[in-house]
Amino acid sequence: MKSRVRIEAESICDGFVAEGAARFETDILLQAEVLLDLYGEDIRARAYVTTDPERGEMMLRPDFTVPVVQYHMAGDGLPASYTYFGEVFRKQEDHPDRRSEYMQVGYEEFGGANAAAADADVFGQFSDVLAPLGLRAATGDIGILIAMVRGLATTEDRRAALMRHIWRPARFTALVKRFAGLAPVPPSRAALLASEAPLQDAGVMIGLRSEREIETRIDALRADGAEPAMSAEMVDLITAVLSVSETCPNALEHLRDIAVDMPGLLPALDRFEARCEAMARRGVDVENLPFEASYGRTSMEYYDGFVFGFYSEARPDLPPVATGGRYDALTRRLGQGREIPAVGGVIRPDLVLDLGGLP
Amino acid sequence: MTVKLGVPSKGRLMEKTFDWFGARGVTLTRTGSEREYAGAVDGVDGVDLVLLSAGEIPRELAAGRIHLGVTGNDLIQEKLVQWDQKVEPLAPLGFGHANLIVAVPNCWVDVDTLDDLDGAAAAFRARHGFRMRIATKYHRLVRDYLRRGGVADYQLVDSQGATEGTVKNLTAEAIADITSTGETLRANHLKILNEPPILESQATLFRSRRAEVTDQERVNLRALIERLGL
C-alpha cells in the first residue's frame, strides 16, 4: 500500500512540475518553537512533539506550509511556485481509525501580484487533477469575514476581540451576543464594574502579570461597559453573512445585498467577484460551484482569504481529499515585516487511492 | 489463571480501598515485609491482588494486564484516549474526591470566568510577547477544556508537583490542578475560576474491557462482583 501511495504522490507531483512548479524538500523533524508560537497550544493535541537534548523541542512535520514559506522567504523573493510530497504526522485522538502518518502532495504559489488569478490557478489545478474522482468542492473566503469585522461600527477593542476569534465560531457568537447585550453580564463582572476600588482587596500581588496590567484591563472593561450595545440590526447582518451558503454567483449577489448596510464588505466582495471571473476564464464551472461564508473557520487558522476543499460524497467518513487556501498573513508572521501573497493546497494521495486512484 | 485486581500500593488511597472492599466481605491485605508490594485476597476465590501506583493503573487496565483496578477517574480520562472504550466504571467508591480546576492569582480581580481568562491571555501575550503559561500535569483534559471554552493565547507548561507554587516562582501565570478542599490554593494566594470544574473525580473501581477472560476467570469475576454487591 505504502509504495502505491508513493507512486501516486510522485505522479501528482510530476503533474505540478509539468505546470512549472519547482520541487521542494524539507526535514521531517522540525523546530517546534515556531510552529507552537504560530498555531498555539492546540497543535500539541494534533502534532507529535519530542525533545532533543541539544536542540530543544522538536516536532514531527505536521504539514509543509511553514517550511516552504520559510524557504521561499529566505530566497530572492521573486514569484515562484513549489510542489512537494512527503509524510506528515498527526495524532488522531478523536478519530483513532484515521491514519496518523500519511503522505501529502502540495502545490504553493508565492508572489502572484494578481491574487484572483493565482487563487483561480491553484483551485483550477487541484480541480483538474482530482476531476476523475468526481469529488464535491467546497469554497469560502475568510477575507470576507475579516472585512466584515474590520468594518463593524464598534470600538477597536471589540473589533480586535472578534478578529481573534474568527476561527472559533462558538466563541465568536458568544462575543457578538455579549456586545449586543443579549448575554447576561456575569455577576462578578457587574460587581467589578460597580466597585470603586477593585484592587483594594486584591491581597498579595504574585505572578508576572503586574498590578498595572490588571488596572489596564479593568479600565478597558469599564470603557467597554460604558459602550452602547451593538444594535440588533448589526447582529442580524453578521448572522446573515455567516450563513451565506449557495452557488458562487448567488452568494456574491446575496453578499452584495448585505453590503448595502455593511459597506466594509465591498473591497472583499470585489476580490471575490474578480476571483469568480478568473475562475470562469480558467474553465472552472463557477456557476455551480458552492460557496459557504463560514467554510474553513474551524480548522485552518492561518488562511485569511480564499479557502477550498474537495470531499468524497460516496465516502463521507473520509477526511477531505484536498484542502487549501490563501495565507498572506502567515508570510507576514514568518517574514519579520515582509509579506508575500501566497496561496496553495495539499492532496492526500492515500485517500485518492482509497477512492480508486487517478488514471 | 486468576482474576487480577489492581489497587493503589500506598497511602490513604490504599487504606480506604481496603476498607471499601472489607466492608463488602472481601479482605485485602498486604503480605510480606512492610516494604514488599505483595498482597492477598480473602473472601472470594481466584482473585489476585496487584499493588500498583495509582497512576499506572489506567495503563494496566487499558493493556488488559489487570481485570479490575481502583484509581481516580481524573487519571483514567487524562491518560486513556477514548477511555470509555477501554474501561468500564463499575462503582464510585465514595472517597478520594477532588476537582480538576483552573486557578489564577487572587490579585487578578478582573478574572473570574473563562471569558476573562481569554481576555487576560490576549493582553498578556501582547504585553509580554509570549503566551500566558498555565502549569499542569493534566495536559489533555485542560487543553480540551480550554479549547471548548474558547480560550486562546495560552500555553501549557508541565508541572508534576508543587504546581500551586509555580505562579509565585514566575514559571507560570495560572495553574490547572486537582483540589479537594482548596486549602493549598488559598495558602498560595490562588483562587478557582467561577466555572464548572474540568472534571469531578473520585476513586472508582474500573473493569478492563481489553483483558482476556477465561471461563474460570469469568466465573470468579462474576462471584467477586456479586460479593461486592454491584
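Being a predicted model, the structure only gives us computed values, none of them experimental. (Residues numbered from 1 in each chain as written. Chains lettered and ligands numbered in written order. Predicted model: local features only at pLDDT ≥ 70, side-chain atom pairs only at ≥ 80, totals over all residues.)

**Q** Honestly, the domain arrangement of chain A in this entry has me stumped. Any pointers?
**A** How big an interface is tends to be reported as the loss of accessible area on association of its parts. Under the domain assignment used here, chain A contains domain 1 (1–135 + 336–359) and domain 2 (157–231). Computed over C-alpha atoms only, the centres of domain 1 of chain A and domain 2 of chain A are separated by 39 Å. (Domains from an automatic or database assignment.)

**Q** Quick question: what am I supposed to make of the interface of chain A and chain B here?
**A** Each partner contributes to the interface: chain A provides 31 residues, whereas chain B provides 30 residues. Listed by contribution, the elements that provide at least two residues to the side of chain A that touches chain B are α3 (42–46), α8 (169–179), α9 (187–194) and α10 (211–226) of chain A. Taken together, the residues of the side of chain A that touches chain B sort by class into 16 nonpolar, five polar and 10 charged. (Contact = placed C-beta atoms within 7 Å. Helix = DSSP H or I, 4+ residues; strand = E, 2+ residues; numbered from the N terminus. Nonpolar A, V, L, I, M, F, W, Y, C, P; charged D, E, K, R; others polar.)

**Q** Just to check I follow, could you spell out the sheet that holds strand β10 (residues 306–311) of chain A for this structure?
**A** Working definition: the strands of a sheet are paired by backbone hydrogen bonds and lie parallel or antiparallel to each other. Residues and elements named next belong to chain A. With mixed pairing, the seven strands of this open sheet are ordered in space as β1-β5-β6-β12-β11-β10-β7. Whereas interior strands pair on both sides, the edge strands pair on one side only; in this sheet they are β1 (22–23) and β7 (136–141). Relative to β10, β7 is paired through six bridges, and the arrangement is antiparallel. In the strand pairing of β10, Ala-137 is matched with Phe-310. Strands β1, β5 (80–89), β6 (101–110) and β12 (342–347) of the sheet are contacted by helix α1 (residues 2–18), whose axis makes an angle of about 5° with β6. (Pairing = 2+ DSSP bridges. Axes fitted to C-alpha atoms, helices over the stretch in contact; angles between N-to-C directions.)

**Q** So what exactly am I meant to see when it comes to the sheet that holds strand β4 (residues 47–52) of chain B here?
**A** All names here are of chain B. Taken together, the five strands give an open sheet; going across it, the order is β4-β1-β5-β13-β6, and neighbouring strands pair in mixed fashion. A single partner strand is all that each edge strand has here, and the edge strands are β4 and β6 (87–92). Strand-to-strand twist across the sheet, computed as the mean angle between neighbouring axes with direction ignored, equals 30°. Two strands pair when backbone bridges link them, and strand β5 (residues 68–72) and strand β13 (residues 203–208) are joined in this way by five bridges, in the antiparallel orientation. Bridge assignment links Thr-71 to a residue of β13, and that residue is Thr-204. Helix α7 (residues 215–227) rests against β1 (3–8) and β4 of the sheet, and its axis sits at about 45° to β1.

**Q** For this particular structure, what's the right way to read unusual backbone geometry?
**A** Leaving glycine out, the prevailing phi sign among residues is negative, and the prevailing peptide bond configuration is trans. All names here are of chain B. Backbone geometry at Gln-82 places phi at a positive 50°, although glycine is not the residue there. Looking at the element boundaries, Gln-82 is found in the loop between α3 (73–79) and β6. C-beta crowding within 10 Å serves as the criterion here: with 11 such atoms nearby, Gln-82 is assigned to the exposed category. (Buried ≥ 20, exposed ≤ 12 C-beta atoms within 10 Å, placed from the backbone.)

**Q** I tried to follow the nonpolar core on my own but got confused; where do I start?
**A** Here is a general trend for soluble globular proteins: nonpolar side chains tend to be buried in one another's company. With 82 residues, the main nonpolar core has Ile-144, Met-148, Leu-265 and Ile-347 of chain A as its most contacted residues. If one sorts the elements of this core by residue count, helix α5 (residues 115–130) of chain A sits on top with eight residues. Discounting chain neighbours no more than four positions away, the residues touching Ile-347 of chain A are Ile-12, Val-105, Phe-126, Val-129, Val-321, Ala-322 and Val-352 of chain A. Grouped together as the second largest cluster of nonpolar side chains are 37 residues, Trp-108, Ile-134, Leu-193 and Ile-198 of chain B included. (Core = buried A, V, L, I, M, F, W, Y, C linked by C-beta atoms within 7 Å.)

**Q** Hey, could you run me through the domain arrangement of chain B in this one?
**A** Residue and element names in this part refer to chain B. Domain assignment breaks chain B into domain 1 (3–97 + 202–227) and domain 2 (98–200). Summarising the inter-unit geometry, the C-alpha centres of domain 1 and domain 2 are found 32 Å apart. Contact residues are listed per partner, giving five residues for domain 1 and eight residues for domain 2. Its residues assigned to classes, the side of domain 1 that touches domain 2 comprises no nonpolar, three polar and two charged.

**Q** I would appreciate a short explanation of the pairing of strand β4 (residues 56–60) of chain A in the present structure.
**A** Note on strand geometry: in a regular strand, side chains alternate between the two faces of the sheet. All names here are of chain A. Of the strand pairs in this sheet, strand β2 (residues 29–31) and β4 are connected by three bridges, and their pairing is antiparallel. Looking at the pairing, Leu-29 lines up with Leu-60 of β4. For strand β3 (residues 49–52) and β4, the ladder comprises four bridges, and the chain directions are antiparallel. Looking at the pairing, Thr-50 lines up with Met-58 of β4. Between β3 and β4, which follow one another and run antiparallel, lie three residues.

**Q** Help me out: how do you make sense of the environment of Pro-96 of chain A in this one?
**A** By the secondary structure assignment, Pro-96 of chain A is in the loop between β5 and β6. Classification of Pro-96 of chain A by C-beta neighbours within 10 Å gives exposed; the count is 11. Leaving out residues up to four positions away in the same chain, Pro-96 of chain A has contacts with Val-81 and Gln-82 of chain B.

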